[in-house]
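Topology and contacts: notes
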Amino acid sequence: MAKIVAGVATSHVPAIGVAIDQGKTDDPYWKPLFAGFEPSRQWIADLKPDVAIVVYNDHATAFSMEVIPTFALGCAADYAPADEGWGARPVPVVKGHPELAWHIAQSVILDEFDLTIVNKMEVDHGLTVPLSLMFGQPDAWPCPVIPLAVNVVQYPPPTGNRCLNLGRAIRRAVQSFPRDLKVVVFGTGGMSHQLQAQRAGLINPEFDNRFLDLLVSDPEAAAAIPHVEYLREAGSEGIELVMWLVMRGALGGPVRQRHRHYHVPASNTAVGHLVLECERE
Ligand code: DHB
Ligand code: FE
């Protein structure tokens, strides 16, 4: 049977993608940030997952104000990197896993989580930057990817609790797929950041580190954080952190923290990163 063995949480700042694409990862500004991902890159190269489910948000790239799905699951065979205004990133096309994705759609929808099924979609920095951080600059991504786009752009986004429970439903779905596949789940976005208006540049290391602690050891408490607290403490875009709860729910019970990294700043953002392994199958 398929199983979810581990989770990765990471911010998805577009400037990180630019630094990788332009060969600036050794620049003094960027070096400490990328150094914190080196153990994770070795870890995932050793793990060799068969599939990655990447929970991310679309930043008005594939979707717009015209259609706003709360949860959109990619069931396509491939996803082209999007042009977000400066040309598409020079990264490989993302290959999907339609068979597992359709199985997840069927299982999760019958489990009463009404997902939007997406058969054609371009993917933006929210999905491609985490792949670059974990896999570097290969000619082809090392495993197929199932994108799960969460609306955190237009209010109301889903609650943290809904996200945690969706993750649990995804775990049940994967565990009922009758093929031996090793699956990792990425939760992306965050940490504290605000890109707009009077509080632009807001960063809150106390909130961020408490969130990292809770996500590892008390996910129910992290899931109880209300939207207004993310807004107040982590800034308007800090709400992206609810996506990490989908990942955490998908890991089931207790987890081992294999790696943790926190770095400020990257662009206007605090960058957080966790590698978590499931303690139980
Ligand atoms: C920026 C954009 C993001 O989507 C994000 O999550 C963090 C930072 C930015 O434009 O700097
Ligand atoms: Fe974002």
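Let us look at the structure shown here. What you see is a predicted model, and the numbers here were worked out from it, not measured in a lab. The residue numbers shown here count from 1 along each chain, following its written sequence. Going through the entries in the order they are written, you letter the chains from A and number the ligands from 1. This being a predicted model, a pLDDT of at least 70 is required before a residue's local features are given, and a value of 80 or more before pairs of side-chain atoms are given or counted; all residues contribute to the totals for chains, interfaces and linings. The basis for every side-chain value is the complete set of heavy atoms in the structure, and neither hydrogens nor water enter the calculation.

1. Digging into the coordination of the iron ion (ligand 2)
With water omitted from the atoms examined, metal sites may look incomplete; donors here are N, O and S atoms no farther than 2.8 Å from the metal, or 3.2 Å in the case of Na, K and Ca. Donor atoms from the polypeptide that bind the iron ion (ligand 2) are His12 (NE2), His59 (NE2) and Glu240 (OE), placed at 2.0 to 2.2 Å. Spacing between the donor residues of the iron ion (ligand 2) along their common chain follows H-x46-H-x180-E. Residue His59 is located in the loop between β2 (51-56) and β3 (71-74), and its partner Glu240 is located in the loop between α9 (227-234) and α10 (242-250); the two are separated by 181 residues in the primary sequence. Strands are runs of DSSP state E lasting at least two residues, helices are runs of H or I lasting at least four, and both sets are numbered from the N terminus onward.

2. So, the nonpolar core
Among the buried residues, those of types Ala, Val, Leu, Ile, Met, Phe, Trp, Tyr and Cys that are joined through side-chain atoms within 4.5 Å form a nonpolar core. Burial classes: relative accessible area under 20% of the type maximum marks a residue as buried, over 50% as exposed, and values in between as partly exposed (1.4 Å probe, protein chains only). Counting 58 residues, the largest nonpolar core has Ile104, Val108, Leu166, Ile170, Phe211 and Tyr230 as the members making the most contacts within it. Any two residues whose heavy atoms approach within 4.5 Å are treated as being in contact. With near-sequence residues (within four places) excluded, Val108 lies in contact with Phe113, Leu115, Leu166, Ala169, Ile170 and Ala173. Core analysis: the next-biggest nonpolar cluster, separate from the first, contains 29 residues, Cys143, Val145, Ala149 and Val275 among them.

3. Topic: the sheet that holds β3
Reading across the sheet, the eight strands line up as β6-β3-β7-β2-β8-β1-β10-β9 and stay open at both edges, with mixed pairing between neighbours. One side of each edge strand has no neighbouring strand; the edge strands of this open sheet are β6 (116-118) and β9 (255-266). Direction aside, neighbouring strands of the sheet carry axes that sit 20 degrees apart on average. Note: two strands are recorded as paired if DSSP finds a minimum of 2 bridges between them. Of the strand pairs in this sheet, strand β1 (residues 3-10) and strand β10 (residues 269-278) are connected by five bridges, and their pairing is antiparallel. In the sheet register, Gly7 faces β10, and the bridge partner there is Leu276. Axis lines are fitted to C-alpha atoms, over the contacting stretch for helices. Their N-to-C directions set the angle, which ranges from 0 to 180 degrees.

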